[in-house]
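# Chains, contacts and geometry: an overview
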Amino acid sequence: MEKNLTTGSVLKTVFSFSLPFLLSYLLQTLYGMADLFIIGQFNGVDSTTAVSIGSQVMHMLTVMIVGLAMGSTVMIARAIGARQKNEVSAAIGNTITLFMVLSILITFILLLLVRPIVSVMSTPEEAVKGTITYLTICFIGIPFITAYNIISSIFRGMGDSKSPMYFIAIACAANIGLDYLFIGYMKLGPAGAALGTTLSQTISVIVSLLMIRSKQTGLTLKKSDLKPKKDTMQGILHIGIPVALQDGFIQIAFIVITVIANHRGLHDAAAVGIVEKIISFLFLVPSSMLSTVSALAAQNIGAGRQDRAKQTLYYAISLAVSFGILSVIVMQLSAETFISLFADNREVISLGGQYMRGYVWDCVFAGIHFCFSGYFCACGLSGFSFIHNSISIVCARIPLAYLASKYFTDTLFPMGLATAAGSGVSVIICLGLFFWLMRKEK
């Protein structure tokens, strides 16, 4: 059902729209963390490392799909804000066509490249077999991962952030149950984790399609809407491609850091993988604010309400930074407690605590530049997001992580700080770009 987000209290709208987003990301993070948690209960460090590395590859792929789908969300939201019904239908239809073709191509290509990918990740020898198995099964499920994300992007563009939350809740519950079945009862190890992930995503897509068919969603599509239209497709890709590249580049940076950690040994690799999972949980608020700002600001820009778009940005930054500061305090006091939920090896817990205490500062800075990225996307300037992230990665995040690993061989704390430094660079660039836009408007 379409929802008008261009009237009423801005703060209330941000809260009401972002809360389902936040819960959706929470469930999606639990969905991913369940694999590590459950495999850690029934298998050793080699299987934990295999699932950690494999899930990081899948996470990179997923965020790139989500980034590309941002183009659809913004196009749909703008059309709704401008009350252009035909443009809404065209954007939805072209989204379906584009992503279904892409999902088939990506599946075929990645299945051919699974072994080179595992090699590039510098996977420890003990975990190679499990990582290959995990990725092969997950790659087969890419069409369903894609289907879920485009369905969610369509609903969010229409102002409905609750339905995607229900869809991922179903997937999360199914994944936990299937993981215990395949990993705990059937002893399938990494293969069981991958099967649980793929089948639960399939179940979620089937249920979401049934819900769409049975409910009055406001979706009205004709065959002609599925036919690629130059302006519509260009609009989706113009916004989506820079975001997808940006998100992919960010994940590549984290993979490079993982590779650096892998070269330090199995325990360092396991510690970094576990912290990455926990950080993905802490990044729920910044991520939900990015998506909230992009959708709300896009509708308001489409309706000619630039003032409300900026207010949305300001409120989102305030909420994200507040949460980031709270996360820093909690993790400085009890990092090892959280690491121990996923590992019982003392060395892994100690290394993980070091990495977390440095890394967690990224939650503050990322909260700021995520919100700016959402605003830039809503303005149709997603290239700005790509620019600031690329500069921060090339000039700060990767080189600093490498230097930290080289000169601080007995601790992971400086490597964690390197990620926060990268986001700090992004914040500075975002502020400069934002004020430049304000002067240009005047």
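Residues numbered from 1 in each chain as written. Predicted model: local features only at pLDDT ≥ 70, side-chain atom pairs only at ≥ 80, totals over all residues. Heavy atoms only, no water.

## Brief notes about the overall build of the protein
Looking only at helices and strands, the protein features 17 helices and 0 strands. For 442 residues, the compact-globule estimate of 2.2 N^0.38 gives 22 Å, and the protein sits close to it at 21 Å. Along the first, second and third principal axes, the C-alpha set of the protein runs to 60 × 45 × 35 Å. Of the accessible surface of the protein, which amounts to about 17800 Å², a share of 69% is contributed by carbon and sulfur atoms. (Helix = DSSP H or I, 4+ residues; strand = E, 2+ residues; numbered from the N terminus. Rg over C-alpha atoms; globule rule 2.2 N^0.38 Å. Areas by Shrake-Rupley, 256 points an atom, 1.4 Å probe, with all protein chains shown as cover.)

## A few points about empty space enclosed by the protein
Under the criterion given, the structure shown has 3 cavities of 30 Å³ or more. The volume enclosed by the second largest cavity comes to roughly 120 Å³. If you list the elements that add at least two residues to the lining of the second largest cavity, you get α1 (10-42), α2 (45-81), α6 (142-157) and α12 (284-302). (1 Å grid on protein atoms, 1.4 Å probe; cavity = no way out; pocket = protein on both sides within 12 Å on 5 of 7 lines; lining within 4 Å. Points joined across faces, edges and corners; volume = space filled by probe spheres on them.)

## Observations concerning the environment of Leu 319
When you line up the elements, Leu 319 lands in helix α13 (residues 306-339). Once residues within four sequence positions are removed from consideration, Leu 319 is found in contact with Val 14, Phe 15, Val 285 and Met 289. (Contact = heavy atoms within 4.5 Å.)

## Structural notes on the side chain of Gln 354
As for its placement among the helices and strands, Gln 354 is situated in helix α14 (residues 346-359). A polar atom in the side chain of Gln 354 sits 3.1 Å from the side chain of Thr 411. (Polar contact = N/O pair within 3.5 Å; in protein donor to acceptor, adjacent residues only side chain to side chain.)

## Regarding unusual backbone geometry
In this model, Lys 187 sits at a positive phi of 55°, which is unusual for a non-glycine residue. Note that Lys 187 resides in the loop between α7 (162-185) and α8 (190-214).

## What about the packing of α13 against α14?
It is the contact of α13 with α14, at a shortest axis distance of 8 Å, that shows an interaxial angle of 145°. Judged by the twist between their axes, the crossing of α13 over α14 is right-handed. When α13 is examined against α14, the residues Met 331, Gln 332, Ala 335, Glu 336 and Ile 339 are found in contact with a partner set consisting of Val 348, Ile 349, Gly 352, Gly 353, Met 356 and Arg 357. By residue class, the composition of the contact of α13 with α14 is 6 nonpolar, 3 polar and 2 charged. (Axes fitted to C-alpha atoms, helices over the stretch in contact; angles between N-to-C directions. Left-handed = near helix turned anticlockwise from the far one by under 90°. Nonpolar A, V, L, I, M, F, W, Y, C, P; charged D, E, K, R; others polar.)

## Here's the deal with the confidence of the model for the protein
Mean pLDDT over the protein: 81, with 94% of residues reaching 70 or higher. Across the protein, helix α5 (residues 128-140) holds the top mean pLDDT of 91, while helix α9 (residues 223-226) sits lowest at 72. (pLDDT = per-residue confidence, 0-100.)

## Side note on the layout of surface pockets
One simple way to see leftover space: roll a probe sized like a water molecule over the atoms. Considered as a void within the structure, the largest pocket measures approximately 300 Å³ in volume. If you trace the largest pocket, you find 16 residues lining it, with Val 57, Met 60, Leu 61, Leu 110 and Ile 117 closest to the centre. Taken together, the elements giving at least two residues each to the lining of the largest pocket come down to α2, α3 (85-112), α4 (114-120) and α10 (230-264). With 5 residues, α3 is the single largest residue contributor to the lining of the largest pocket.

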